[in-house]
Structures are given as C-alpha cells and as structure tokens.
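So you can see what is in the structure, the chains are spelled out below.
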Amino acid sequence: MAKTDPTEKATSGRFDVRAIADALPASAATMLVDSYLTDRPAASARVFRVYRPTPAHYHEGCDEYLYVLSGRGTFWIGDASDEAEFGPGQLLFFERGVVHALPRLIEEPVVFLSVDTPRRAPTDVIFVDAASGSAETFMARNAAEPDPA
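These numbers were taken from a predicted model, which means no experiment stands behind them. (Residues numbered from 1 in each chain as written. Predicted model: local features only at pLDDT ≥ 70, side-chain atom pairs only at ≥ 80, totals over all residues. Heavy atoms only, no water.)

S.K.: Explanation requested: the environment of Gly97 in the structure shown.
M.R.: Positionally, Gly97 belongs in the loop between β6 (91-94) and β7 (100-117). A sequence separation of 38 residues divides Gly97 from His59, and the C-alpha atoms of the two residues are 5.6 Å apart. Each residue touching Gly97, except ones within four places of it in the same chain, is listed here: Tyr58 and His59. (Helix = DSSP H or I, 4+ residues; strand = E, 2+ residues; numbered from the N terminus. Contact = heavy atoms within 4.5 Å.)

Here it is as structure tokens:
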C-alpha cells in the first residue's frame, strides 16, 4: 500500500511515481505544480511538472537532486554559460545557494523527481531578478486562492 500523504507519520512508503506524475495537471498558471511524496525535516521528496521556463533562482535551505522522469529542456547550474540539454534518466544536482535556471522546454511534459536535503519549504525560492518571479508565481501551492466572486 502506498503512503501518499506526506503529513502522515510513516517510517516507510511505496510510491507509484509514474501515476503521480500522470495525475499532475496538463496546464497551470504557475511555473510548476508539485506533489509531495515525503516531507520530513531531514529531506523532502516531490514529483513536479514544469509548465514554462524558470528564470535564474536559488534555494537558501537545501541541496536539490532532480531526476528527469520525462521531457527535455535546457538547464544551467551556477552560470548561464553552463546551459546544456537534459532528458529522461539524467540527474541534476546543486547545493543550496547555487543559482540555476531552466530556460527552455523542448519536449513536454517536463517532469522531475526531486529530493531536497534537508527539507525544502515550498516558499524557499529566491529569484535573482525579483521582477521575474515570486514564490506565488513559481509554485501552484504558493499561489493565492482564486477570488470566489
């Protein structure tokens, strides 16, 4: 049986990562939508889909490991001159504080399995150019609730 609620106190779990990825929406108003597998102080694990290029940003609180489940695009780590194509089966890694970006989506859906150590708070995203994004425009879980008008 799979434990899919990250708030449950489980000591182990089994996850159908492909089914979780397939359940992510086909479109989003934000740059990405995620689904937590685990969310513990030592580490968090998520599946997320990228819907549009992500500008240069970094995370203050964690190192990040991104395993490419599907799609292709370009990614740079540390400096824009490092931009290179990625695809399924590749692992991208960067330490906390390292600026990174995903400037191009080549083939969609672009879906990653992410492991963050220690846990990454959903709002832990700092854009190099503050005008290019915010926690609310970056991830659906941070977006303001729609106006019930």
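S.K.: Honestly, the pattern of salt bridges in this entry has me stumped. Any pointers?
M.R.: Working definition: two side chains of opposite charge can pair if their charged atoms are close together. Using the criterion set out here, one finds eight salt bridges in the structure. With its nearest N and O atoms 2.8 Å apart, the salt bridge here joins Arg141 to Asp34. One end of the pair, Arg141, is in the segment after α2 (135-138); the other, Asp34, is in strand β1 (residues 32-40), with 107 residues separating them in the sequence. For Arg141, a relative accessible area of 41% gives the class partly exposed. Residue Asp39 is joined to Arg119 by a salt bridge in which the shortest nitrogen-to-oxygen separation is 2.5 Å. In this pair, Asp39 is assigned in strand β1 and Arg119 in the loop between β7 and β8 (126-127), connecting sequence segments 80 residues apart. The exposure class of Asp39 is partly exposed, given its relative accessible area of 26%. Salt bridges sharing common partners tie together Asp34, Arg46, Glu64, Asp116 and Arg141. (Salt bridge = Lys/Arg side-chain N within 4 Å of Asp/Glu carboxyl O. Buried < 20%, exposed > 50% of the residue type's maximum accessible area, 1.4 Å probe, protein only.)

Read these as layout, nothing more, since geometry by itself doesn't imply function.
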